[in-house]
Amino acid sequence: MAPSAAKFNLNGGYCFIQDKNPKHSALVVKEYLLYNMKTVRPHPPQSPDLNPIEDLWAYVETKLRERK
């Protein structure tokens, strides 16, 4: 995640959102987040509130319709 953030010049202006999925709660994942992420925000599993893929598909659809 850090290399991608650096590529987009986010300079620490991002946070990791933990969705409480069981595979994300493994000890190795918890340790990685503890030592490598400045901000980790909890959030309910499968919450539609922060589902960026829906916004992405809407954007792609809009751009495709703009093409002639």
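Per chain, residue numbering runs from 1 following the sequence as it is written. Selection of residues for local features in this predicted model requires a pLDDT of at least 70, selection of side-chain atom pairs for listing and counting requires 80 or more, and totals for whole chains, interfaces and linings are taken over all residues. The side-chain numbers reported here are obtained from all heavy atoms of the structure, hydrogens and water having been left aside.

1. Looking at the overall build of the protein chain
Working step 1: Only DSSP runs of H or I reaching four residues or more are called helices, and only runs of E reaching two or more are called strands; each is numbered from the N terminus. Secondary structure summary: the protein chain contains 3 helices and 2 strands in total.
Working step 2: Secondary structure elements of the protein chain, listed N to C terminal, follow the sequence α-β-α-β-α.
Working step 3: Out of the 68 residues belonging to the protein chain, those deemed buried represent 9%.
Working step 4: Any two residues whose heavy atoms approach within 4.5 Å at even a single point are treated as in contact. Within the protein chain, residue pairs in contact and separated by at least 24 positions form 42% of the contacts whose partners lie at least 6 positions apart. The buried label goes to any residue with under 20% of its type's maximum accessible area, the exposed label to any with over 50%, and the partly exposed label to all in between, with areas taken from a 1.4 Å probe on protein chains only.

2. Quick word on the confidence of the model for the protein chain
If pLDDT is low for a region, its predicted coordinates should not be looked at in detail.
Working step 1: Residue-level pLDDT values for the protein chain average 76, and 78% of them are 70 or greater.
Working step 2: Per-element confidence in the protein chain is highest for helix H3 (residues 52–66), whose mean pLDDT is 84, and lowest for strand E2 (residues 40–42), whose mean pLDDT is 68. For every residue, the pLDDT score states the predictor's confidence, bounded by 0 at the bottom and 100 at the top.

3. Here we look at the pattern of salt bridges
Working step 1: The salt bridge criterion pairs a side-chain nitrogen of Lys or Arg with a carboxyl oxygen of Asp or Glu, the two atoms within 4 Å. What the rule picks out here adds up to 2 salt bridges.
Working step 2: A salt bridge links Glu61 to Arg65; its shortest N-O distance comes to 2.7 Å. One end of the pair, Glu61, and the other, Arg65, are both in helix H3, 4 residues apart, so they sit about a helical turn from each other.
Working step 3: Classification of Arg65 by relative accessible area gives exposed; the value is 65%.
Working step 4: For Lys63, the salt bridge goes to Glu66, with nearest N and O atoms at 3.5 Å. Taken together, the positions of Lys63 and Glu66, both in helix H3 and 3 residues apart, correspond to about one turn of that helix.

4. Thoughts on a nonpolar patch on the surface
Working step 1: Patch definition: residues with relative accessible area over 30% and no salt bridge; like charges joined within 9 Å; nonpolar side chains (Val, Leu, Ile, Met, Phe, Trp, Tyr) joined within 5 Å. Note that accessible areas follow from Shrake-Rupley with a 1.4 Å probe, and for residues the cover is restricted to the protein chains shown. Residues Ile53, Leu56, Trp57 and Tyr59 make up a contiguous nonpolar surface patch of roughly 440 Å² in combined accessible area.
Working step 2: Locating Leu56 in the fold gives a position in helix H3.

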